Each structure stands twice: as structure tokens, then as C-alpha cells.
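Coordinates in review
One letter stands for each residue in the lines below.
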Amino acid sequence: MDSATMRRSSPPSFSSSASSGGAKRIVRDAIWVLFMVVFLGTVLFWIVMPTNTYRNRYTTLMFTFPVLFIACLGCVYLHLGNKSSEPRGGKNGMERNKGLAMWKRPVLVRGPLGIVSWIEVAFFVMFIALLVWSFATYLRNSFLNIERTGPTDGDKVWEAKLETSGLMLGLVGNIALSFLFFPVTRASSVLPLFGLTYEASIKYHIWLGHIVMVLFTTHGLVYILYWAVTRKISPEVMSGFDGILSMVEWQKTGVSNVAGEIALLTGLGLWATTFPRVRRKMFELFFYAHHLYILFVLFFVLHVGITFSCIMLPGFYLFMVDRYLRFLQSRNRARLVSARVLPCDTVELNFSKTPGLEYTPTSIVFINVPSLSKLQWHPFTISSNSNLEKDKLSIIIKNEGTWSQKLYQILSSPSPPNRLDVSVEGPYGPASTHFLRHEKLVMVSGGSGITPFISIIREFIFMSTTFKSMTPKLTLICAFKHSSDLTMLDLVLPISGTPSDLSNLQLQIEAYVTREKEPTAQSLKQSRAVWFKPSSFDEPLSAILGPNSWLWLGAIISVSFVMFLILIGIITRYYIYPIDQNQNKYSTASRAVLNILFFCISIGIAASTAFLWNKRINAKEAKQIKHLDGLSPVHSPDSGFYNAERELESLPHQSLVQATNLHFGERPDLKKMLFECKESSVGVLVCGPKRMRHEVAGICSSGLADNLHFESISFNW
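Note that the structure is predicted; figures quoted are calculated from it, not measured.

Cut-offs and rules
- Residues numbered from 1 in each chain as written.
- Predicted model: local features only at pLDDT ≥ 70, side-chain atom pairs only at ≥ 80, totals over all residues.
- Heavy atoms only, no water.
- Helix = DSSP H or I, 4+ residues; strand = E, 2+ residues; numbered from the N terminus.
- Buried < 20%, exposed > 50% of the residue type's maximum accessible area, 1.4 Å probe, protein only.
- Areas by Shrake-Rupley, 256 points an atom, 1.4 Å probe, with all protein chains shown as cover.
- Expected span 1.5 Å × (residues − 1).
- Pairing = 2+ DSSP bridges.
- Right-handed = clockwise from strand over helix to strand, strands pointing away.
- Axes fitted to C-alpha atoms, helices over the stretch in contact; angles between N-to-C directions.
- Parallel < 35°, antiparallel > 145°, perpendicular 65-115°, else oblique.
- Left-handed = near helix turned anticlockwise from the far one by under 90°.
- Contact = heavy atoms within 4.5 Å.
- Nonpolar A, V, L, I, M, F, W, Y, C, P; charged D, E, K, R; others polar.
- Core = buried A, V, L, I, M, F, W, Y, C linked by side-chain atoms within 4.5 Å.
- Patch = residues over 30% accessible without salt bridge, like charges linked within 9 Å, V, L, I, M, F, W, Y side chains within 5 Å.
- Salt bridge = Lys/Arg side-chain N within 4 Å of Asp/Glu carboxyl O.
- Lys, Arg positive; Asp, Glu negative; His and termini not counted.
- Charge placed at Lys NZ, Arg CZ, Asp CG, Glu CD.
- Phe/Tyr/Trp six-rings, centres within 6.5 Å; stacked < 30°, edge-to-face > 60°.
- Polar contact = N/O pair within 3.5 Å; in protein donor to acceptor, adjacent residues only side chain to side chain.

1. A word on the overall build of the protein
- Within the protein one finds 20 helices and 17 strands.
- The buried share of the protein, reckoned over its 717 residues, is 53%.
- Surface accessibility of the protein: about 33500 Å² in total, with carbon and sulfur atoms responsible for 62%.

Laid out in C-alpha cells, this is it:
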């Protein structure tokens, strides 16, 4: 499922379009109010759950229906939003968002949580308060019950309280686990309702993962201590005590300790590879170890049973829908047209796409090259613009790791391959962009961090050229290590598509080369390109669920869940009930396995049907593009390269050169440059090394300039 593939219509030109837009805004406002009512009701339910007011009935629907209903509401909300025009900028728009902008200002910059805004701190404190409240309330009620009725199984009072403490830690860990999968659902309809994107939410997944593992590890250690002091480590020790759980016992009904221990061990193995020092030095180990989440979730469900698993089911359900759609999309081989090799150890990959595939600036795709690694998928920001380049999607890859180094060596070799198999997932990106609300945009980049800003500049080129609309002033501050890296500025203007005109764009580029005091011979080398032969098995990139992807996603979520309930109802009525007779005789593990099985079957049927239906429609566009590919001139087989300078001569590079100031042997004085911005609203975007992001965030959060509004674009926290 690609979240950034909706068509963005041009600004309405007629009164009928304006009235239609007004009606859509009313409907969206009504949906948002309904969403808030359901969301606040769900929060209230979470608060009440640990108290004696809560009764454990209808658990499946009580936990799953509100969240899945919100997800479906989000699909309709986002579908209507993608049919509307971009928000208008200026003072009025900023006045309405001034209060929210203050909450988005960074408050923590260099702490263990990374760059954190006031609103993130507020939600984090509320989440921790929910966990503390739940644990304290669970513990208080359980301790009162022990003191009132006395301990069971011959335990002493303090031993019973120790076991209860371990149990309550597990229940609280289950609450944290229920939020874990929301941030990593790439095509999420829930995150945009909170103004979040997938790439910006990765840090929340990291926070939640640490909290979950701390709680579950403590839960396991407390139980091991309890089993040790009560001599319940093994069944042999407790042979004279029937019905008492031991550390290595797998009960037919109820909680399975062995399954919980396996889940904890797999979780610990996964957790050990997530710490920054391990993740950065051994990324492949981190990547492969993360697949242990499958075993973790499976044995967690077997440990607690499907009833208690329902508390984390909604987030995992939405994640599985997204994961299966990504699997379907990744089965296709993308049509890779060409690659541009830059002298700065950078390559630009150009894919063929259908005109119906549209995406917003700063969107990303994940790519897999089987010849390098069959399992590794890497995210890259899209540098092209779907309005300027209707039939092409481009990404830029810097040689900065083992995987990218192998790719660069293949493409820059004297005899590059005439084709390269590549699979693509995405695009994923913000549901809408709000750059126009600022009077000025300052984009600060380091090295390959310039990539997302290329897509933003191209978006403004399109708007200023096509609609002659007013755009914010643009300042690009880019820092490079070597003068050869300046060739990345050639990528600002597209080679093909709508003619680029910078005359209506207020663009200023300040380029800094930090390690050289003058251009070198390496910087004078020209870019080269490799053209790839088309294959009948290649497919142009297309929207996996068509132009109405959000509506299709909502249909998949709702239909698959209804199908899941029907299948579980049938199997319970005609298979489980005749055996169980409501006497808790049927195996807890078997019941959990059946639920997981129908869980997967329902998602598979609904998602596959939607995918195949839209694939048939996408195939028509793909045939036309393949026909055009067949008419394209065939390059000489003697050389896979062409001189990129010859093609670039026809582009308006003179305007770009005039807009660029080069600085050698120095670093940008970011504090001075940002404080010199006197516009009432200045959007500050930064993408680059952690040190640069922290410096810019510190400047914007200093309180010395209220007109600076910070936003970081990065997967690293």
C-alpha cells in the first residue's frame, strides 16, 4: 500500500469546485470530530480498565472495534483531503497555527530521546502516567484481594504479592505493546490524523520498544525469583503439589509459561541488536534479528491466550494489512530505465512509472536489489516530482555503507550490466504538505541530505511555472565535504518533463565545501549514465491500490475484520463449543492458533482481491508505457554511457548558477543565517548528520527568534 499516491487536484477555478471543496471540508471536519469522540472514549476505556469498574467481557470487540473504526475513518478523511488543494500560506494561515507551532518547537535536543518537541513531551508524559496509573491500580486492587482472602497454593503473603507484582508488570507491558506497531505501519491511516508520518514516527517505535522490553524483562525476572523462592523451578520439585504452575510447564488451558519464556528470549535477542552502537556497526545483524518479531508475537499469543492478546490486536492487525500489501507490491520487478553516476560516489536511479502514480515532496521508497541481498530493503527519498515528471521516479543513493558501496561499484564499473533487477515498495510520504503556509523556507542539508529538498524545490518550480502562484522564498544551505559533491546540485533541475523555469522562483543556494579551499580536478568530471534494457517481466511503478488507495485500504480493513469475526464465530459455534461446552476444556494454544490462522486468511483474501482488481486496471497504463519503451532509441551496445553535459545544455542551468553562492574551506554560520531571516514565518527544514540537526534544533528552540519553525527529516533519532 503506498500512502502518497493520491492525485492532487489543481486549485479550484470555478464556483462549483469551490462549493465542492467547502462541502468536503465540512465532511472532513465532521469526521475529525467523530474521530476525537471515539479516540477520547478509547482513552477513557484504557484509564478505567485497571479499576474494579471494568468487567472483562466482549474483549475482542471492545479493544479492536474502536481502533479499526478510527483507521477506517482516517481512510475516508485522507481520501477527501487528497482531493483538495494545497493550503494557502501567509499571515492568516500562520495565525491559526501559531499555538500549535509553539507546541511543535523543540524542547529537548541532545538528550537520550533525540530531538523532542513540547507536544511530544506532553504525550510521552501522559503515556508514562497511563502505565504508572495502570500498574499502581492493578497492584492496589490485587494486594487488597490477597489481604482479604489470603494467598492461594500455600504461598506466604509476601510471596503471593511478589507473584502478583510480576503479573501486573506483564499486564502493563501488554498495554505498551498495543502501541508498538502503529509507528511502523508505513501506509497508516491513523498516524496522519495526528499529523505524523511514518519516517517521523520511527523514534516512537524505538521508545515503545525499549519500554516494552524493560517491562517484559522485569516481568520475567520477578517470576523467576518467585519460582526460585517457592521451589517451582521444575515439575519434579513440585511433584507433590498438583495444579501448581512451574517454570517449564505448558498448560493445556490458561497461561503457558514455556511460551512466555520463548517469547521473552526472542524479544531479548531482538532488543540486544537495537542499541545505536550495535545497530550502526552491524546493521545487517540488526536487520535480520528484527524478523524475530514474528516468533515474539506468536509465542506471546500462545503465552497469554487470544483473549488477553486482543489488547494489542488492533495495532498488529493494521501492521499486518500493510505488511501483506507491501509483500504483494514487492513481488513485481520495477522497470529501471537508467542510472546517472556522479563523480561524488553517488548514483541516481530512474524508474519508469505510470502517470497515475503521484506522491508528495519528501516521499520515500524502499528498494531491494536481489543481486546484492535478497532480504535487505533500504529507504531512499524521492528526488523527482510527480507533477514535473509524469513518467519517471528518481532516487539518489550516496555511497555510505556496504550495500550502497556494492551498488555504486556495479554501476560505475567500465562495463556496467545492461539490466538490474530491482523491487520497490512505496512511495510513502506525508498526506499533504504545508510548505506554503510559511513566507520563507530555509532548507539545511549535509551531504546526501539534500535529496528531500530537491523534491521540494521541484514542487515549487512546478507551482510557479504552471499556476504562476506565489511561492515562499527559498534558501538552500548545503554543506559538502569535497568539491566533487557539488555535482549533486545538477540534480535540482529535472532532465525531462515539464520545462523548468526559475524566473518566478525566489531561490537562493548557499553551497559550502568544508574540506577544500578550491575546486579540484575531481569536481570537473562529468556525470555519466547507464541505460538498461527493458524486460517483458518489468513493470512501471504504479499505485498498488489505484488512485483511490485510501478508500481501498479502508475497505480491506473493514471487510477483512468482518470476515475474521464470521470465520471465528463459525469455528467457535460448530467446532470449539461442542468440545468445550463453555467449561474451559479446549486448548488455549489451539484456540490461539486458530485465531491467528483466520486472522491471516481474512487479511490475505481481502487484500489479494483488492490488489488483483487494481492490478488489472494498472496493467492498461503499463502496456502503453511498455509500448513507448519499445519505440525508444536503442543505445550503442559498445558503450552504456552518454555524456550528461550534452543533455544538460538545454536546461536553464544559467539561472541555477546565478542563484548559487559557493564557499570553500568554511562551514555555514547557521545561527547567523537563521537569525537574519526577518520574515514573520520561517520554516526551517534540516536533513543531514545528527550534529547538524541538533545544532539547527538548538537554534530554533533558543527562544531568540519566534519566527523560526523547526522540522527534521531523518530516520535517525
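There's more to say after this.
2. Focus: helix H5 (residues 118–149)
- For H5, spanning 32 residues, the distance from its first C-alpha to its last is 46 Å, which sits close to the expected 46 Å at 1.5 Å a residue.
- Among all positions of H5, only Glu120, Phe127, Leu130, Leu131, Ser134, Thr137, Tyr138, Leu139, Asn141, Ser142 and Ile146 are buried.
- Positive phi appears at Gly150, one or two residues downstream of H5, with a value of about 85 degrees.

3. What about the pairing of strand E16 (residues 682–687)?
- Of all the six residues making up E16, six are buried; the element is thus mostly covered by neighbouring parts of the structure.
- Burial along E16 is two-sided: the face carrying Val682, Val684 and Val686 and the face carrying Gly683, Leu685 and Cys687 are both buried.
- Pairing of strand E10 (residues 440–446) with E16 involves six bridges; the strand directions are parallel. Looking at the pairing, Val444 lines up with Val686 of E16.
- Each parallel crossover has a hand, and the one from E16 via helix H20 (residues 690–700) to strand E17 (residues 708–712) is right-handed.

4. So, the pairing of strand E12 (residues 507–513)
- Most of E12 is tucked away: six of the seven residues are buried.
- In the sheet, E12 pairs with strand E15 (residues 660–664) via five bridges, with the strands oriented parallel. Bridging from a neighbouring strand, Tyr512 pairs with His663 of E15.

5. Brief notes about the packing of helix H7 (residues 198–229) against helix H8 (residues 257–272)
- H8 packs onto H7 with a crossing angle of 135 degrees between their chain directions and a minimal axis gap of 10 Å. Here H8 runs oblique to H7, going by the angle between their axes. By crossing handedness, the relation of H7 to H8 is classed as left-handed. Facing H7, whose interface residues are His210, Met213, Val214, Phe216, Thr217, Gly220 and Trp227, H8 presents Asn257, Glu261, Leu264, Gly267, Leu268 and Trp271.
- In the contact of H7 with H8, the residues fall into seven nonpolar, five polar and one charged.

6. Brief notes about unusual backbone geometry
- Residue Pro427 follows Gly426 across a cis peptide bond; omega there is 5 degrees.
- Among the structural elements, Pro427 can be located in strand E9 (residues 423–428).
- Of note in this structure, Asp345 is not a glycine but carries a positive phi near 55 degrees.
- Tracing the backbone through its elements, the reader meets Asp345 in the loop between strand E4 (336–342) and strand E5 (346–352).
- The backbone phi angle of Thr362 is positive, close to 75 degrees, even though this residue is not glycine.
- Tracing the backbone through its elements, the reader meets Thr362 in the loop between E5 and strand E6 (364–368).

7. As for the nonpolar core
- Within the largest apolar cluster, 96 residues are counted, with the highest numbers of intra-cluster contacts made by Leu177, Phe181 and Leu325.
- In terms of residue count, the dominant contributor to this core is H7 (13 residues).
- Look past the residues within four positions of Phe181 in its chain and what remains in contact with it is Tyr293, Val297, Met312, Gly315, Phe316 and Phe319.
- Residues Phe462, Leu505, Ile509 and Ala511 belong to the second largest nonpolar core, which totals 35 residues.

8. Comments concerning a positive patch on the surface
- Taken together, Lys481, Arg515, Arg667 and Arg691 make up a surface patch of like positive charges.
- You can see Arg667 is positioned in the loop between E15 and helix H19 (670–675).
- With a relative accessible area of 62%, Arg667 lands in the exposed category.

9. A closer look at the packing of aromatic side chains
- Taken as a whole and judged by the stated rule, the model has 33 aromatic pairs.
- Judged by centre distance (5.3 Å) and plane angle (80 degrees), the rings of Phe127 and Phe179 are edge-to-face. Of this pair, Phe127 sits in helix H5 while Phe179 sits in the loop between helix H6 (157–177) and H7; the two residues are 52 residues apart in sequence, bridging distant segments of the chain.
- When the centroid spacing of 5.8 Å and the interplanar angle of 40 degrees are considered together, the rings of Trp271 and Phe275 count as tilted.
- Each residue in the set Phe181, Tyr293, Phe316, Tyr317, Phe319, Phe561, Phe564 and Phe599 is aromatic and connected to the rest through ring pairs, giving one cluster.

10. Quick look at H7
- Here H7 is 32 residues long and its end C-alpha atoms lie 46 Å apart, about the 46 Å a rise of 1.5 Å per residue gives.
- With 23 of its 32 residues buried, H7 lies for the most part within the structure.

11. Section: the environment of His219
- Secondary-structure assignment places His219 in helix H7.
- Each C-alpha atom of the pair His219 and Gly173 lies 8.4 Å from the other, and the pair is 46 residues apart in sequence.
- Ignoring any residue separated from it by four or fewer positions in sequence, one finds His219 in contact with Gly166, Leu167, Leu169, Gly170 and His303.
- At 2.5 Å, the side chain of His219 forms a polar contact with the backbone oxygen of Gly166.

12. Details of the pattern of salt bridges
- As enumerated under the stated definition, the model contains 13 salt bridges in all.
- Among the salt bridges present, the one from Arg186 reaches Glu425, with a minimum N-O distance of 2.8 Å. Of the two residues, Arg186 is situated in the loop between H6 and H7 and Glu425 in strand E9; the sequence distance between them amounts to 239 residues. Glu425 shares its class with Arg186; the two are buried.
- Between Lys390 and Glu358 there is a salt bridge, with its nearest N and O atoms 3.9 Å apart. Of the two residues, Lys390 sits in the loop between strand E7 (378–381) and strand E8 (392–398) while Glu358 sits in the loop between E5 and E6, which places them 32 residues apart along the sequence.
- With a relative accessible area of 39%, Lys390 lands in the partly exposed category.
- The exposure class assigned to Glu358 is buried, which follows from its relative accessible area of 5%.

13. A closer look at the environment of Leu215
- For Leu215, the location among the structural elements is in helix H7.
- Taking the relative accessible area as the measure of exposure, Leu215 reaches 14% and is therefore buried.
- The contacts of Leu215, once residues within four sequence positions are left out, are Leu131, Leu169, Val172, Gly173 and Ala176.

14. With respect to the sheet that holds E9
- In space, the three strands of this open sheet follow the order E7-E6-E9, with antiparallel pairing throughout. In the strand order of this sheet, the two ends are held by E7 and E9, each with one partner. Between one strand and the next, the sheet's axes are offset by a mean angle of 25 degrees, whatever the strand orientation.
- In this structure, E6 lies alongside E9, joined through four bridges in antiparallel fashion. Each residue of the ladder has a partner; that of Asn368, found in E9, is Ser423.

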